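# Report on the structure
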Amino acid sequence: MSIYLDHAATTPLRPEARDAWLAAQEIVGNASSIHGGGQAARRVLEGSRERLAAVLDCDPVEVVFTSGGTEAVNLAVKGLWWARPAGVDAIVLPDGEHHATTDAVAWLAASQGAVVRAVPLDPLGRIRLDAFAEALPGAAVATALVANNEVGTVQDPVALAAAAARAGVPLHLDAVAVLGHLPVSFRRWRGDAAGPGGLMAVSVSAHKVGAPVGVGALVVARQVSPTPLFHGGGQQRGLRAGTQDIAGAAAFAVSAELAESEREAEARRLSALRDALADSIRSTLPAAAVLGDPLERLPGNLHVLFPQASGETLLFLLDQAGISVSTGSACQAGVAEPSHVVLALGRDEREARSVLRFSLGRTSSEADIAAVAAALPAAYERAVAAR
Ligand SMILES: Cc1ncc(COP(=O)(O)O)c(C=O)c1O
């Protein structure tokens, strides 16, 4: 028995993505070459860019392909900060962001003189909008998750972008956890911002929608030119030098289209399964508490605090039973850290080590949920005894 409930970490490859990837690999040619093979590669690349742009609701020229979500976030956060006007050094950073963001910002602060303005979350994981708006004036860049990848809480991207536009601060939104689950619309989120501020960049990653790992994209508004991380052949508006991965782009485009076409039906199906799992956990383990926003949350996300148990022990016990879940937090040398997201909700360190994230996706079924619900009580009892 193998039950996979860690779709937020990565989701299985779609057959259509594999086919598109293999077909593109057959093309011999660099998309920058002038000969026929190069032009064939370019057609696949630019076609994929157009298709992804349609899903993300932006212009094709705004799509910059990267090696994944981490690179996209780094290009946005570092690149926009490096390109800042003289005399502004602050980065507005909500608590509980993904490590791609927090570690990029920490590096800018430690080595480049960036000043971090932290913005608290409320106990449900919502960014405190008043504090966000207060932190903005005079900042070089602001960044935020559209949905938290651990606890699943969804923010209001339009409100965040409007606040940044009013303050004249460029904003990056990390939509990696959102693509395929909620609508991603660069145009709608950005609104009619005309000045130097507002939504300027959005990160997405291919392996979260069923394409291979190692491909992502940053939507970069025409109005901005973040300083590139790489220098080289000047590809992609000079923002991301390097021979372009046409197979990765083709697989990403087809997966993003499929995820988008299935999105509404899948969101309904997955939230129903997720709610059924939550109900079963509540009835068999009354001490457990669901964290995150009960209403504004990712459809396939269930994040649970098991107060007397170590999340890591529970994870191992479920793994032995053939069930893959996550504590959601980073691993350092094989040891799970207390979740910085759970700490940001105002919980203590013990609680931040007592959580599990169940993330459902395309392959999740009622049978999966029934099996997890059946396995959890015994695993919980053993984990409590082991603590
Ligand atoms: C919210 C969020 N941002 C960024 C990333 C990094 O994306 P990638 O794995 O493509 O580097 C992830 C991946 O877990 C994520 O969940």
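All values reported here derive from a predicted model rather than from experimental measurement.

Moving on, we come to the overall build of the protein. The secondary structure content of the protein amounts to 12 helices and 14 strands. Rg of the C-alpha trace for the protein: 21 Å, near the compact-globule value of 21 Å for 387 residues, within the 12% margin. If one aligns the C-alpha atoms of the protein with their principal axes, the spans along those axes are about 65 × 50 × 35 Å. Across the 387 residues that make up the protein, the buried fraction comes to 54%. Excluding contacts between residues fewer than 6 apart, the proportion of contacts in the protein whose partners are at least 24 apart in sequence is 75%.

We now examine the pattern of salt bridges. Taken as a whole and judged by the stated rule, the model has 18 salt bridges. A salt bridge links R187 to D57; the nearest nitrogen and oxygen atoms lie 2.6 Å apart. Of this pair, R187 sits in helix α7 (residues 186-190) while D57 sits in the loop between α2 (36-56) and β2 (63-66), and the two are 130 residues apart along the sequence. Taking relative accessible area as the criterion, R187 reaches 42% and is therefore assigned partly exposed. Notably, a salt bridge pairs D122 with R126, separated by 2.7 Å at the nearest N-O pair. Overall, the relative accessible area of 9% leaves D122 in the buried class. In the salt-bridge network here, residues are joined through shared partners; they are D57, D59, R187 and R222.

Another aspect to go through is the domain arrangement of the protein. When its domains are assigned, the protein resolves into domain 1 (3-9 + 263-386) and domain 2 (15-256). Using only C-alpha atoms to locate each centre, domain 1 and domain 2 end up separated by 28 Å. The partner domain 2 presents 27 residues to the 25 residues of domain 1 that form the contact. Interface area for domain 1 against domain 2, summed over the two sides, is near 2100 Å², with a carbon-plus-sulfur share of 56%. In terms of surface lost to domain 2, no three residues of domain 1 exceed R263, L298 and H340, which account for 28% of the buried area on that side.

The next subject is the packing of aromatic side chains. Each aromatic ring pair is summarised here by two numbers: the centre-to-centre distance and the angle between the ring planes. Per the counting criterion, the structure on display carries two aromatic pairs. Aromatic side chains F306 and Y380 sit 5.9 Å apart centroid to centroid with 45° between the ring planes, which places their arrangement in the tilted category. In this pair, F306 is assigned in the loop between β10 (301-305) and α9 (311-320) and Y380 in helix α12 (residues 366-386), connecting sequence segments 74 residues apart. Residue classification places F306 among the buried positions, given a relative accessible area of 0%. Y380 sits in the buried class, given a relative accessible area of 10%. The ring of W107 carries K78 above its face, with NZ or CZ at 4.8 Å from the centroid.

Turning to the pairing of strand β5 (residues 139-145), a few remarks are in order. Buried residues dominate β5, accounting for seven of its seven residues. As defined by bridge partners, strand β3 (residues 90-94) adjoins β5 across three bridges and the pair is classed as parallel. Note that in β5 the partner of V92 across the bridge is A142. Pairing of β5 with strand β6 (residues 170-174) involves four bridges; the strand directions are parallel. Bridge assignment links A142 to a residue of β6, and that residue is L171. Handedness of the β5-helix α6 (residues 157-167)-β6 crossover: right-handed.

This part covers the site of the ligand. All residues in the neighbourhood of the ligand are listed as G68, G69, T70, H98, L145, N149, D174, V176, S205, H207 and K208. Within the contact set of the ligand, a nitrogen atom lies 2.7 Å away from a side-chain nitrogen or oxygen of D174. Measuring from an oxygen atom of the ligand, one finds a side-chain N or O atom of S205 at 2.6 Å. When the ligand is considered free in solution it has 390 Å² of accessible area, and contact with the protein chains removes 84% of it. Residues of the shell around the ligand, tallied by class, amount to two nonpolar, seven polar and two charged.

A word on the side chain of D174. Along the polypeptide, D174 turns up in strand β6. Within the structure, D174 has its side chain in polar contact with the backbone nitrogen of V176 (distance 2.9 Å).

End to end, helix α4 (residues 99-112) covers 18 Å across 14 residues, agreeing with the expected 20 Å (1.5 Å per residue, within 8%). Among the residues of α4, those classed as buried are A100, T101, T102, A104, V105 and L108. Looking at the buried residues of α4, the elements they touch are α3 (69-82), β3, β4 (115-119) and β5. Just downstream of α4, G113 is the residue with a positive phi angle, here 90°.

All buried positions along helix α1 (residues 15-25) are accounted for by A17, A20 and A24. The arc that holds every buried residue of α1, seen down its axis, measures 65°, which confines them to one face. Contacts from the buried residues of α1 go to α2 and α8 (246-284).

What counts as what
Residues numbered from 1 in each chain as written. Predicted model: local features only at pLDDT ≥ 70, side-chain atom pairs only at ≥ 80, totals over all residues. Heavy atoms only, no water. Helix = DSSP H or I, 4+ residues; strand = E, 2+ residues; numbered from the N terminus. Rg over C-alpha atoms; globule rule 2.2 N^0.38 Å. Buried < 20%, exposed > 50% of the residue type's maximum accessible area, 1.4 Å probe, protein only. Contact = heavy atoms within 4.5 Å. Salt bridge = Lys/Arg side-chain N within 4 Å of Asp/Glu carboxyl O. Domains from an automatic or database assignment. Buried area = accessible area lost by both parts, 1.4 Å probe. Phe/Tyr/Trp six-rings, centres within 6.5 Å; stacked < 30°, edge-to-face > 60°. Lys NZ or Arg CZ within 6 Å of the ring centre and 35° of its normal. Pairing = 2+ DSSP bridges. Right-handed = clockwise from strand over helix to strand, strands pointing away. Near = heavy atom within 4 Å. Polar contact = N/O pair within 3.5 Å; in protein donor to acceptor, adjacent residues only side chain to side chain. Areas by Shrake-Rupley, 256 points an atom, 1.4 Å probe, with all protein chains shown as cover. Nonpolar A, V, L, I, M, F, W, Y, C, P; charged D, E, K, R; others polar. Expected span 1.5 Å × (residues − 1). Arc of directions from axis to C-beta.

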